[in-house]
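# Coordinate analysis (summary)
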There are 2 protein chains.
Amino acid sequence: MNVGFIGLGLMGRPMALHLAEAGHALHVWARRPSSLAPFRDTTARAHVSAAEVARHADVVFTMVGDAPDVEEVIFGADGLVSGLAGGVSPRLTLVDMSTIAPAAAQEIGAKLGARGIRFLDAPVSGGEVGAINATLTIMVGGEPADFELVQPLLAVLGKSVTLIGPIGAGQVAKAANQILTAVTTAAVAEALNFARKSGVDPGRVREALMGGFAYSKILENHGQRMLDRNFKPGFKAWMHQKDLRIVLAEAHRLGLMLPNTAATAQLFNAVVGSGMGEDDSISVLRLLEKVGGE
Amino acid sequence: MNVGFIGLGLMGRPMALHLAEAGHALHVWARRPSSLAPFRDTTARAHVSAAEVARHADVVFTMVGDAPDVEEVIFGADGLVSGLAGGVSPRLTLVDMSTIAPAAAQEIGAKLGARGIRFLDAPVSGGEVGAINATLTIMVGGEPADFELVQPLLAVLGKSVTLIGPIGAGQVAKAANQILTAVTTAAVAEALNFARKSGVDPGRVREALMGGFAYSKILENHGQRMLDRNFKPGFKAWMHQKDLRIVLAEAHRLGLMLPNTAATAQLFNAVVGSGMGEDDSISVLRLLEKVGGE
């Protein structure tokens, strides 16, 4: 299949390479030409614009920053839609894997639908390691028929691919994922900092709790990294901060209260404000250590 | 061995019965005679006071409410200490399995130490089911030699028994456990309520997230019970509220901030204040549903 990929950063680059290795004709474009370097010795074809990618591909993946970036790549000058005759296409399917607001995904989906273009939101979790090992969790929103069309491609990228519901539902699941991962990370940091400041070995506490009801993948992995004081990303604190901003904006729109998510978002604001934004999100531990206790 | 057990409630009763079944000579006393009924057809010997239990047992377990209850059973009129000649004993070991403040455990340990009485704090997690199935996680604080003495008894009650550190360290680990279980429960409730109020099936969201980094035992078990709307305890909301009060009092004493624990404690205050204190702690979901969203 002719597959386009736009957004060749830490996540997108290994994902695009997996698609090429799976035998698909890969079409890429990047704002910065340096992002195309890893594709020089592959079968991938580099184009001069997103518009050119849209002319050659049947399915185009986008993996960029936030909603304005997605909209620019799709609807902007030399964007994907500008590459289509009359701005319409019964052939093209767009799959946005960026993390954006559910409402933004729905709006994009509606605008594309009016042009005959299929759209799915398919944000991922699992980070750079998941992208490299093709073990991502992919949460998809869209029409079942459109999902079937792209499922073989998504299966190349992740180990768990689930159609959650209509367009936007993938982003809702991703938001739920970010609530759980952010709040649990903060809870593990609070628990281990509490133990240490109480004069008790946090490693022994973690060990005792791992076998019980408090077990989480985050206690296992992030907990160990906190003990090792390994703050290398992983998933950068500023990215988690950005995702929580999206979740809290949605909560505001829906008129919901998310008190733990809000408390955690405040911590991430302070992590970034303390100059740890480029470090892993487990840096929330260092923030808690900084303030209070001996 | 002659083993005493005081505090024959939902947790203590099955635990004491396990000790009798393991072949130990069990000595029990209860404030309310009705609590002794389940022991009528066993080899257990019922006594008229805690003091009498102390006269007959080498190791006495207490599993009561909060610190004042523990102190009453140990130091009160007709309490354990009053049963000892001169209020001292080189023979007796007390093991408190209640959840109380680390500082309270240290104070009790110091007072008992002055009387030659060994003391360990050994709070548990795993709830009534864990007590019945003898699969509790037991977190112990005390001297290594004292721990060795009671380890065979604790092994009868739990599947994971860990000496965390000196007296009080078991309570610190339990506090860390309650931080993690309470905050993660609230986070799962926030995530599933967010999904539902966004118009997305929370069951599909949970399913998609289970395979990824957001996995926790609480997402698996409590998450499913939230979907089933099974609010039967389990672990009662007012008990989690009480445990969080202990944790936050310790944070106050240590001069630490625990923002997520604090946010969750507020939710539990409102759960109890809304008349759901006797229901399971997952009732935090119903509280979030009550306020806001469609």
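The shown structure was predicted, so the numbers you read here are calculated from the model rather than taken from an experiment.

## Some words on the pairing of strand β6 (residues 118-121) of chain B
All names here are of chain B.
- Summarising the sheet, strand β5 (residues 93-96) and β6 pair through 4 bridges and their orientation is parallel. Bridging from a neighbouring strand, Val-95 pairs with Leu-120 of β6.
- Taken together, β5, helix α4 (residues 102-113) and β6 form a β-α-β motif whose crossover is right-handed.

## Thoughts on the pairing of strand β2 (residues 25-29) of chain A
All names here are of chain A.
- In terms of residue burial, β2 counts as a mostly covered element, since 4 of its 5 residues are buried.
- Of the pairings in the sheet, the one linking strand β1 (residues 2-6) to β2 comprises 5 bridges and is parallel in character. The residue of β2 that forms the bridge with Ile-6 is Trp-29.
- At this point the chain moves from β1, through helix α1 (residues 12-21), to the parallel β2, and the crossover so formed is right-handed.
- With 2 bridges joining them, β2 and strand β3 (residues 45-46) adopt parallel strand pairing. Its bridge partner being in β3, His-27 is matched across the sheet by Arg-45.

## Observations regarding unusual backbone geometry
- The omega torsion of the bond from A:Pro233 to A:Gly234 falls at 10°, within 30 degrees of zero and hence cis.
- Positionally, A:Gly234 belongs in the loop between α9 (217-228) and α10 (237-254).
- Phi is positive for B:Asp78, close to 60°, though the residue is something other than glycine.
- Its location among the elements puts B:Asp78 in the loop between α3 (67-75) and β5.
- Under the relative-accessibility criterion, B:Asp78 is labelled exposed at 52%.
- Located in the positive-phi region is B:Ala134, a residue other than glycine, with phi close to 55°.

## Digging into the side chain of A:Glu250
- You can see A:Glu250 is positioned in helix α10.
- At 3.1 Å, the side chain of A:Glu250 and the side chain of A:Arg253 are in polar contact.
- If we ignore the near neighbours within four places in the chain, the residues touching A:Glu250 are A:Ala101, A:Pro102, A:Ala103 and B:Phe194.

## Section: the pattern of salt bridges
- Throughout the structure, instances matching the rule amount to 22 salt bridges over all chains.
- Salt-bridge contacts for A:Glu207 lead to A:Arg206; the nearest nitrogen and oxygen are separated by 3.9 Å.
- Residue A:Arg206 is classed as buried on the basis of its relative accessible area of 7%.
- Put simply, B:Lys236 and B:Glu278 hold a salt bridge, and the shortest N to O gap is 2.9 Å. Residue B:Lys236 is found in the loop between α9 (217-228) and α10 (237-254), and its partner B:Glu278 is found in the loop between α11 (259-276) and α12 (284-290); the two are separated by 42 residues along the sequence.
- Of the residues examined, B:Glu278 reaches a relative accessible area of 49% and is grouped as partly exposed.
- Each member of the salt-bridge network shares a partner with another, and the members are A:Arg196, A:Arg229 and A:Glu289.

## So, the interface of chain B and chain A
- The partner chain A presents 62 residues to the 62 residues of chain B that form the contact.
- In total, chain B and chain A occlude about 5,400 Å² of area from one another, counting both sides; carbon and sulfur atoms represent 72% of this.
- Among the residues chain B hides against chain A, the three largest losses belong to B:Leu180, B:Phe194 and B:Phe213. Together they make up 15% of the total.
- Across the contact surface, chain B and chain A share 0 salt bridges.
- Counting across the chain B and chain A interface gives 12 residue pairs in polar contact (both at pLDDT 80 or more).
- Sorting the residues of the side of chain B that touches chain A by element identifies β8 (136-141), β9 (158-165), α7 (169-197), α8 (202-210), α9, α10 and α11 of chain B as the ones contributing at least two each.

Conventions used here
- Residues numbered from 1 in each chain as written.
- Chains lettered and ligands numbered in written order.
- Predicted model: local features only at pLDDT ≥ 70, side-chain atom pairs only at ≥ 80, totals over all residues.
- Heavy atoms only, no water.
- Pairing = 2+ DSSP bridges.
- Helix = DSSP H or I, 4+ residues; strand = E, 2+ residues; numbered from the N terminus.
- Right-handed = clockwise from strand over helix to strand, strands pointing away.
- Buried < 20%, exposed > 50% of the residue type's maximum accessible area, 1.4 Å probe, protein only.
- Polar contact = N/O pair within 3.5 Å; in protein donor to acceptor, adjacent residues only side chain to side chain.
- Contact = heavy atoms within 4.5 Å.
- Salt bridge = Lys/Arg side-chain N within 4 Å of Asp/Glu carboxyl O.
- Buried area = accessible area lost by both parts, 1.4 Å probe.

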